[in-house]
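# Structural features, examined
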Amino acid sequence: MTSLTSAKICFLPYCLVIFLYVSSPNWVAFPSATSTSHTEAKALLKWKASLFPNQALNNLAWYDPPTHNINATNSSSTNPKPRTSPCTWTGVSCNSAGSVNRIDLSNRGIQGLKLQYNNLSGLIPPEIGNATQINVLELSSNHLVGLIPKEFGKLSLLVKLMLNGNQLSGRIPSEFGSLNDLEYLDLSTNKFSGSIPSILGDLLKLYHLNLSNNKLSQAIPFKLEKLVQLNDLDLSHNSLEGRIPSEMGSMQSLVTLDLSHNNLSGSIPSSFEEIHGLSYVDISYNHLEGPLPNINAFREALTERLKGNKGLCGKVGALLPPCNAHGSKNHHKVIFSLLAVFVLVFALFTIVFVIVQRKKKHQDTKQNHMHGEISFSVLNFDGKSMYEEIIRATEDFDSTYCIGKGGHGSVYRVNLSSEDVVAVKKLHPLWDGETEFQKEFLNEVRALTEIRHRNIVKLYGFCAHKRHSFLVYGYLERGSLAAMLSKDEEAKELGWSKRVNIVKGLAHALSYMHHDCLPPIVHRDISSKNILLDSEYEAYVSDFGTAKYLNPDSTNWTAAAGTYGYMAPELAYTMEVNEKCDVYSFGVVTLEIIMGSHPGDVFSSLSFGASSSSSSASPAPEMPISEVLDQRISPPTKQEVGEVVTLVKIAFASLNPSSPCRPTMKKVSQLLSSTQRLHLSKPLHMTTCGELLALDGFTA
């Protein structure tokens, strides 16, 4: 009972423990009892007095302990003394040491809990959801932190909820939509963020709503118009933006309205003139403009409740300029003139647009048809519910859930309610390049829905939404190859056998794309950042936003795409793309796996061949192969040397500056799958790169 001896210093889970157990039919143990029975008796009586008047509790045989001998037992006389030890009180049980460890008052009808101004700290425990019979819960003016538990949705009988004056954060939970009897809600002076949930508009019995002094953003939801019984609405001191919804004119019972200190813009809806009972309004420090509604609440408002706006007008003291009717007419003339010009320009553009659209109609129809086919063939879940769950699970794509960023978007780790973990690639917002961006998005969807390979990331679904477009992949635990190689401790986990296996997986995936798909697919952005690893270090190719389908009957010309340092050299002077561009990138990644870092220009001369004059002039051919290998891990064993040297040879062949001389990925895949290996005539540390190049090479 130690945690109950002071009503002013307490962690909330311990202060609530009595209440949750008396309002729930369950038996639950108290915190460890270390106080004397005298102290425990005082604490219990103080708690009992803090509750709402309850006749059943008032009749409990609980008594103030005397100042002497509080453990005296009852006499057997006809006038028994009060039972001063709490162990003898109704509903109270003690342990063998004589300290209270259980209370059962489950049938005493407690319906409210007030713990405001108690210096409570910590999180609100989810066990609060067990108190399903309470009507009033006041935890205001404490030091509570963290999120509001979703278990609040179980408190369906709640009429009044006050959590104001704490440090609660996160989004206002959607579970509040279950509190259909709620009449009074105060969440002010916390750190809530995100938008105001529109679900609050379904709490039709609300007459008081205070969300002020938080970090709420976005627009005021128009669904608040359904709160026709609301008397007081305070949304001040947030970061709300956009226009004031005209639908709020339906809130006929509104008496006080405070929207001050936000970023609201536009004019005040004229529908506010229908709120005849409005007596107090504060719209100061926004970006509002135009005339004030013609009702007393605005006409009689003090100047400090209107200031800080850029263009309000009306008859309110000397603060606001009058709305000039003549100026308004001139303003209308200008508007009509601009509209006339706009209509003419619009007509011309419409004609041009119709002509262009007719030419594109057939192509767009095919694309839309493809989009529909993808939706039904890939998504094995309800798209709307999945979209909402991903938004909720990532807190609207909060940066804390981001595990990587790329040229096309950011990747987030998402824990679904089904306990599955997925990776969500959120595409960058659409701006001026919207058409090209949409093309890349659909390109990746098409590529990943038409190919199936164990070394290519699995696409579970996608969403094309005006706010967010994203792709849902299987989650790969170890992240990108680039990230692993950049960290010494993780790189040491990649022994030579694992590195050989990663190269094999990449080769098999590219061979499948180049030679087993019709038409062939060129990835165009193979890099260590786009190679992902699962828990068993198996490689998966990802990021198909720049992938291109090759037309075998024509020349394939395209704009340059890819990552600097991995692109084939011929792309600097030609726009023709083919499979050999991926082969070059494969060679760079293979060397990066062998060396432990990007090879840079160290081996640029090696790709010309040992007989080249430029090569012979370079010190690189004289470099021992052992110095090429990642020095952070042990040298390869005798069993591993053959495979590692084969990889080095394949990498050099893939980096040949003449694309026709590079091997095909099918040839590479077959070679890596066979038992054929290069054999050195000298030990590894005595063999140079030039000697390796001089060995019989590979043919395309």
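It should be emphasised that the depicted structure is a prediction, and the values quoted were computed from it without experimental measurement.

Moving on to the pattern of salt bridges. Within the structure shown, the criterion is met by 14 salt bridges. We note a salt bridge from Lys425 to Asp543, for which the minimum N-O separation is 3.0 Å. Of this pair, Lys425 sits in strand β23 (residues 421-427) while Asp543 sits in the loop between β28 (539-541) and β29 (548-549), and the two are 118 residues apart along the sequence. For Lys425, a relative accessible area of 6% corresponds to the buried category. In this structure, the salt-bridge partner of Glu538 is Arg454, at a minimum N-O distance of 3.6 Å. Of this pair, Glu538 sits in the loop between β27 (531-533) and β28 while Arg454 sits in the loop between α8 (434-450) and β24 (459-464), and the two are 84 residues apart along the sequence. Connected through salt bridges with shared partners, the residues Asp488, Arg499, Asp630 and Arg632 form a single ionic network.

Now for helix α15 (residues 638-654). Spacing of three or four residues puts side chains on the same side of an α-helix, whose turn is 3.6 residues. Taking 1.5 Å of rise per residue, 17 residues should cover 24 Å, and α15 covers 25 Å from first to last C-alpha, within 8% of that figure. Most of α15 sits inside the fold, with 12 of its 17 residues counted as buried. Every buried residue of α15 is listed here: Gly642, Val644, Val645, Thr646, Leu647, Val648, Lys649, Ile650, Ala651, Phe652, Ala653 and Ser654.

Take the state of the cysteines next. For the structure shown, the criterion picks out one disulfide. Residue pairing for Cys87: its cysteine sulfur links by disulfide to Cys94, the two sulfurs lying 2.0 Å apart. When the S-S torsion is -100°, as for the bridge of Cys87 with Cys94, the disulfide is left-handed. By relative accessible area, Cys87 is classed as partly exposed at 27%.

So, about the UniProt feature "binding site: ATP" (unreviewed entry) in the protein. As recorded in UniProt, the feature "binding site: ATP" (unreviewed entry) lies at Lys426. Assignment of secondary structure puts Lys426 in strand β23. Judged by relative accessible area, which is 17%, Lys426 ranks as buried.

Attention now moves to helix α16 (residues 665-673). Regarding α16, the residues found buried are Met665, Val668, Ser669, Leu671 and Leu672. All buried residues of α16 project into a common sector of 165° when viewed along the axis, lining one side. Against the buried residues of α16 lie α11 (496-516), α12 (579-595) and α15.

Turning our attention to the sheet that holds strand β21 (residues 402-405). Taken together, five strands build an open sheet; the order of strands is β21-β22-β23-β25-β24 and the sheet is antiparallel. The outermost strands of the open sheet, each flanked by one partner alone, are β21 and β24. For this sheet, the mean angle separating the axes of adjacent strands, direction not counted, is 20°. With five bridges joining them, β23 and strand β25 (residues 469-474) adopt antiparallel strand pairing. Within the sheet, the bridge partner assigned to Lys425 lies in β25 and is Leu471.

The rules behind these values
- Per-chain numbering applies: the sequence of each chain, read as written, is numbered from 1 onward.
- Reporting in this predicted model follows two pLDDT cut-offs: at least 70 for local features of residues, and 80 or more for side-chain atom pairs to be given and counted; totals over whole chains, interfaces and linings ignore these cut-offs and use all residues.
- Neither water nor hydrogens contribute to the side-chain values; these are computed over all heavy atoms in the structure.
- By definition, a salt bridge exists where a carboxyl oxygen of Asp or Glu is found within 4 Å of a side-chain nitrogen of Lys or Arg.
- A run of DSSP states H or I qualifies as a helix once it reaches four residues; a run of E qualifies as a strand once it reaches two. Both are numbered from the N-terminal end.
- Buried, partly exposed and exposed residues are distinguished by accessible area as a fraction of the type maximum, computed with a 1.4 Å probe on protein chains only: under 20%, between the cut-offs, and over 50%, respectively.
- Residue count minus one, scaled by 1.5 Å, sets the expected span of a helix.
- Throughout, a disulfide means two cysteine sulfur atoms within 2.5 Å of one another.
- UniProt positions are given in the numbering used here, feature names are shortened, and annotations may be inferred rather than shown by experiment.
- Starting at the helix axis, one direction is taken to each C-beta atom, and the arc is that of these directions.
- Only heavy atoms enter the contact rule, under which two residues are in contact if any of them lie within 4.5 Å.
- A pair of strands is labelled paired if DSSP reports no fewer than 2 bridges between them.
- Angles run from 0 to 180 degrees between N-to-C directions of axes, and those axes are lines fitted to C-alpha atoms, restricted for helices to the stretch in contact.

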